[in-house]
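A structural walkthrough
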Amino acid sequence: MPLIVWSDDFRFGIEEIDTQHQQLFSLINELHDAMAHGKGKSITAEVLDALVSYTVKHFSTEELLMQAHRYAGLWEHRASHQKFTATVVQFQKAYKDGSATLNIDIMEFLRQWLVTHIQGTDRKYVPILKDASAN
Ligand code: FEO
């Protein structure tokens, strides 16, 4: 059973962003699946690496779009991205060196952060990015 389910509630109507958000959902589900089925550490670490890399790529895409559209909330939004990235990179290192394990609390943190971030912080830029692309 997936940990996080995509629905139209998450769709902004900005194709590049919607596609990337869906991919983040998929990667979180893949990581959850690896944990739930006790997949080996190397496989789990690969999925974790993919999630971290894709998250960084997505944040970069979003920040460039916000910058291009002179979105006033860019700095605050970027700070939120940086804080989350630092947290997951720290966990990624700890997981690899064996000082942390992947558990449901970590998965719940990822799920909750992504849902809250998309529905709160991300959603605020939608009118600006959509207006700009319509002009
Ligand atoms: Fe879609 Fe701000 O991350």
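Some thoughts on the nonpolar core
In this structure, Ile 28, Leu 31, Leu 110, Leu 114 and Tyr 125 are the most contacted members of the largest nonpolar core, which totals 38 residues. Those elements that place two or more of their residues in this core are helix H1 (15–36), helix H2 (41–68), helix H3 (74–97), helix H4 (104–121) and helix H5 (126–134). Contact partners of Ile 28, with chain neighbours within four places excluded, come to Leu 3, Ile 4, Leu 51, Met 107, Leu 110 and Leu 114.

Describing H1
For H1, with 22 residues, the first-to-last C-alpha span of 31 Å sits near the 32 Å given by 1.5 Å per residue. Looking only at H1, the buried set comprises Ile 17, Asp 18, Gln 20, His 21, Leu 24, Phe 25, Leu 27, Ile 28, Asn 29, Leu 31, His 32 and Ala 34. Those residues of H1 that are buried lie in contact with H2 and H4. Taken from the residues just after H1, Gly 38 is the one with a positive phi, measuring 55°.

Things to note about the layout of surface pockets
If you add up the space inside the largest pocket, you get close to 190 Å³. Lining the largest pocket are 16 residues, and of these Leu 51, Phe 84, Val 88, Phe 109 and Leu 110 lie nearest its centre. For the lining of the largest pocket, the secondary-structure elements that each account for two or more residues are H1, H2, H3 and H4. Classifying every residue of the lining of the largest pocket by side-chain character gives 14 nonpolar, 2 polar and no charged.

Quick word on the side chain of Gln 92
Position of Gln 92 among the secondary structure elements: in helix H3. Classification of Gln 92 as buried rests on a relative accessible area of 13%.

Calculation criteria
- Residues numbered from 1 in each chain as written.
- Predicted model: local features only at pLDDT ≥ 70, side-chain atom pairs only at ≥ 80, totals over all residues.
- Heavy atoms only, no water.
- Core = buried A, V, L, I, M, F, W, Y, C linked by side-chain atoms within 4.5 Å.
- Buried < 20%, exposed > 50% of the residue type's maximum accessible area, 1.4 Å probe, protein only.
- Helix = DSSP H or I, 4+ residues; strand = E, 2+ residues; numbered from the N terminus.
- Contact = heavy atoms within 4.5 Å.
- Expected span 1.5 Å × (residues − 1).
- 1 Å grid on protein atoms, 1.4 Å probe; cavity = no way out; pocket = protein on both sides within 12 Å on 5 of 7 lines; lining within 4 Å.
- Points joined across faces, edges and corners; volume = space filled by probe spheres on them.
- Nonpolar A, V, L, I, M, F, W, Y, C, P; charged D, E, K, R; others polar.

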